[in-house]
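An overview of the molecular structure
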Amino acid sequence: MRALPDRRGYFGEFGGKYVPETLMAALDEFETAYRKLRRDKSFARELESIAHNYIGRPTPLTEARRFAQLCGDFRLFLKREDLNHTGAHKINNAIGQALIAKRMGKRRIIAETGAGQHGVATATACALFGLECAVYMGEVDMARQELNVFRMRLLGAEVVPVSSGSRTLKDAINEALRDWVTNVRTTHYILGSVLGPHPYPMIVRDFQSVIGREALEQIRKRTKKKPDVAVACVGGGSNSIGLFYEMLPHKSIRLVGVEAGGRGPNLGGPGVICGAGLSQAVQGLVDGGCGELALGEGQHPVIPRGRGQRGRQLLTAAAADRGPAQQREGYVAAHRGADRAQLLLGQAGGPQFVAGEQGRGGVGAAPGEPGGHRDPLGDGDVDAAWVGPAVPERCA
Ligand SMILES: Cc1ncc(COP(=O)(O)O)c(C=O)c1O
């Protein structure tokens, strides 16, 4: 798994490039630039310096003692990606890709965003490097994430409302791709999740793997051991693969991905990404399409399966591996369980994440097994305005 993808961009049967011919050259150019730059010492130094002096890395590892006591007998550590500049892990990848774009001589960046965090991170990277920035966003998401729209505009980005289809993320992705096809010579598309055609899954994974690298080192220093379990929420897969990637060689660490179950059976409800209509399989997000993330009794092990060609190329990368050696698990977080866990965490002195369904799922559905778990978890604050007003009522 650590050696993947192969030269054609496949993770086993997943991956590859299924895009219009016009974009093939841009993807090749991006991959070539990345492969060259990752061996370039000056690029590594620049990235490291920005990570340290601008993003605020390394992020702390906070032990949530009281919360762990409420849940059982184990130690719980939170990898505080919310303490990055702009409030989430998305900045790790946005800065990395913007830096590549700058070195490729591209002056314009486009991105798409749903929750707004990736848009804010991209707008921030563009402001830092003096690049033009346009962020596509569905009108429904714009209304939901008003604050992040405001932040992007403050940073000098153009936020382009998308009124087609369901007016959410997948429509924004379509519009961003249309823009890229038209402006490919001057423009780089910063994708924020482990999705899309090769080389995006590989590059996003690599820029996010700083999370797991730091977490492993920090937890070893604090506990003199490796963690038993690593839990992360799975939306587009970037924080989870960021946490898991460095842990893959350590067979004793259980890797658990948690996806939001949402409020109801219908697509489009908060947190429901693609769970509607399929009763047995636990669903994983594959860029607007669906992939089966975990099948069978007890919802494990995780066996991602693409659905047709679209699903195949748009890989959900939390654990795209069928290897039997290491158990990887997928869970769907029940809405109420995630709510409850979020409140308990805040009230037990932990960070007050307001992270929408995805992030809270990471806290809410950590499997309660006996014995010394140590669970780093990547997360951040989003959806404050959306979730906030309901909180006093739920506390009662
Ligand atoms: C704070 C936060 N956590 C998690 C996610 C889910 O995305 P991913 O699975 O790519 O980390 C998002 C997406 O915007 C986010 O903003």
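A brief structural summary. Here the structure is a predicted model, which means the values were calculated and not measured. (Residues numbered from 1 in each chain as written. Predicted model: local features only at pLDDT ≥ 70, side-chain atom pairs only at ≥ 80, totals over all residues. Heavy atoms only, no water.)

1. Here's the deal with the nonpolar core
- The biggest cluster of nonpolar side chains holds 53 residues, and the ones touching the most others in it are Ile100, Met152, Trp180 and Tyr189.
- With residues near it in sequence (within four places) discarded, Tyr189 still touches Gln97, Ile110, Ala111, Glu112, Ile173, Ala176, Leu177, Trp180 and Tyr200.
- Core analysis: the next-biggest nonpolar cluster, separate from the first, contains 16 residues, Val204, Ala215, Ala232 and Ile253 among them. (Core = buried A, V, L, I, M, F, W, Y, C linked by side-chain atoms within 4.5 Å. Buried < 20%, exposed > 50% of the residue type's maximum accessible area, 1.4 Å probe, protein only. Contact = heavy atoms within 4.5 Å.)

2. With respect to a nonpolar patch on the surface
- On the surface, a nonpolar cluster with roughly 350 Å² of combined accessible area is contributed by Leu147, Phe150 and Leu154.
- Positionally, Leu154 belongs in helix α7 (residues 146-154).
- Since its relative accessible area comes to 62%, Leu154 is described here as exposed. (Patch = residues over 30% accessible without salt bridge, like charges linked within 9 Å, V, L, I, M, F, W, Y side chains within 5 Å. Areas by Shrake-Rupley, 256 points an atom, 1.4 Å probe, with all protein chains shown as cover. Salt bridge = Lys/Arg side-chain N within 4 Å of Asp/Glu carboxyl O. Helix = DSSP H or I, 4+ residues; strand = E, 2+ residues; numbered from the N terminus.)

3. Structural notes on helix α8 (residues 169-183)
- The end-to-end C-alpha distance of α8 is 21 Å, a good match for the 21 Å that 15 residues give at a rise of 1.5 Å each.
- Here α8 has its buried residues at Asp171, Ala172, Ile173, Ala176, Asp179 and Trp180.
- Along its buried surface, α8 packs onto α1 (21-37), β5 (108-112), β6 (132-138), β7 (158-162), β8 (187-189) and α9 (200-208). (Expected span 1.5 Å × (residues − 1).)

4. A few points about the side chain of Glu214
- By the secondary structure assignment, Glu214 is in helix α10 (residues 210-223).
- Excluding residues that lie within four positions of it along the chain, Glu214 makes contacts with Arg57, Pro58, Thr59 and Lys79.

5. Examining the layout of surface pockets
- Of the voids in this model, the second largest pocket is the one considered here, and its volume is about 480 Å³.
- What lines the second largest pocket is a set of 19 residues, among which Leu47, Glu48, Phe207, Val210 and Arg213 lie closest to the centre.
- Of all the secondary structure elements, the ones that give two or more residues to the lining of the second largest pocket are α1, α2 (41-55), α9 and α10.
- Broken down by element, the lining of the second largest pocket gets its largest block of residues, 7 residues, from α2.
- When its residues are assigned to classes, the lining of the second largest pocket shows 10 nonpolar, 3 polar and 6 charged. (1 Å grid on protein atoms, 1.4 Å probe; cavity = no way out; pocket = protein on both sides within 12 Å on 5 of 7 lines; lining within 4 Å. Points joined across faces, edges and corners; volume = space filled by probe spheres on them. Nonpolar A, V, L, I, M, F, W, Y, C, P; charged D, E, K, R; others polar.)

6. As for the environment of Lys79
- Following the sequence through the fold, Lys79 ends up in strand β4 (residues 77-79).
- As for Lys79 and Ile211, which are separated by 132 residues in sequence, their C-alpha atoms are 7.7 Å apart.
- Looking at Lys79, its side chain comes within polar contact range of the main-chain oxygen of Thr59, at 2.7 Å. (Polar contact = N/O pair within 3.5 Å; in protein donor to acceptor, adjacent residues only side chain to side chain.)

7. Thoughts on the packing of aromatic side chains
- Enumeration over the complete set of coordinates arrives at 5 aromatic pairs.
- Consider the rings of Trp180 and Tyr189, whose centres lie 5.7 Å apart with planes at 70 degrees: the pair is edge-to-face.
- Counting every residue linked through ring pairs, the aromatic cluster contains Phe30, Trp180, Tyr189 and Tyr200. (Phe/Tyr/Trp six-rings, centres within 6.5 Å; stacked < 30°, edge-to-face > 60°.)

8. Let's talk about the packing of α1 against α8
- Interaxial distance between α1 and α8 falls to 9 Å at its minimum, and their mutual angle equals 80 degrees. As the angle between them shows, α1 and α8 are arranged roughly perpendicular. Residues Thr22, Leu23, Ala26 and Leu27 of α1 lie in contact with α8, whose contacting residues are Leu177, Trp180 and Val181. (Axes fitted to C-alpha atoms, helices over the stretch in contact; angles between N-to-C directions. Parallel < 35°, antiparallel > 145°, perpendicular 65-115°, else oblique.)

9. Looking at the pattern of salt bridges
- Counting across every chain of the model gives 22 salt bridges.
- Lys170 is paired through a salt bridge with Asp171; the nearest N and O atoms lie 3.8 Å apart.
- Looking at Lys170, the relative accessible area reads 40%, which means it is partly exposed.
- Linked through salt bridges whose partners overlap, the residues forming this network are Asp40, Glu46, Lys102 and Arg103.

10. Quick word on the side chain of Asn92
- Relative to the assigned elements, Asn92 resides in helix α4 (residues 90-103).
- We classify Asn92 as buried; its relative accessible area is 5%.
- Setting aside its immediate chain neighbours within four residues, Asn92 contacts Ile55, Arg57, Glu81, Asn84, Phe207, Gln208, Val210 and Ile211.

11. A closer look at unusual backbone geometry
- The linkage connecting Leu4 with the following residue, Pro5, adopts the cis geometry, with an omega of 5 degrees.
- By the element assignment, Pro5 lies in the segment before β1 (10-11).
- Here Arg57 and Pro58 are connected by a cis peptide whose omega angle stands at 0 degrees.
- With respect to the helices and strands, Pro58 occurs in the loop between α2 and β3 (61-63).
- A positive phi is found at Arg167, a non-glycine position, where the angle reads about 55 degrees.
- Secondary-structure assignment places Arg167 in the loop between β7 and α8.

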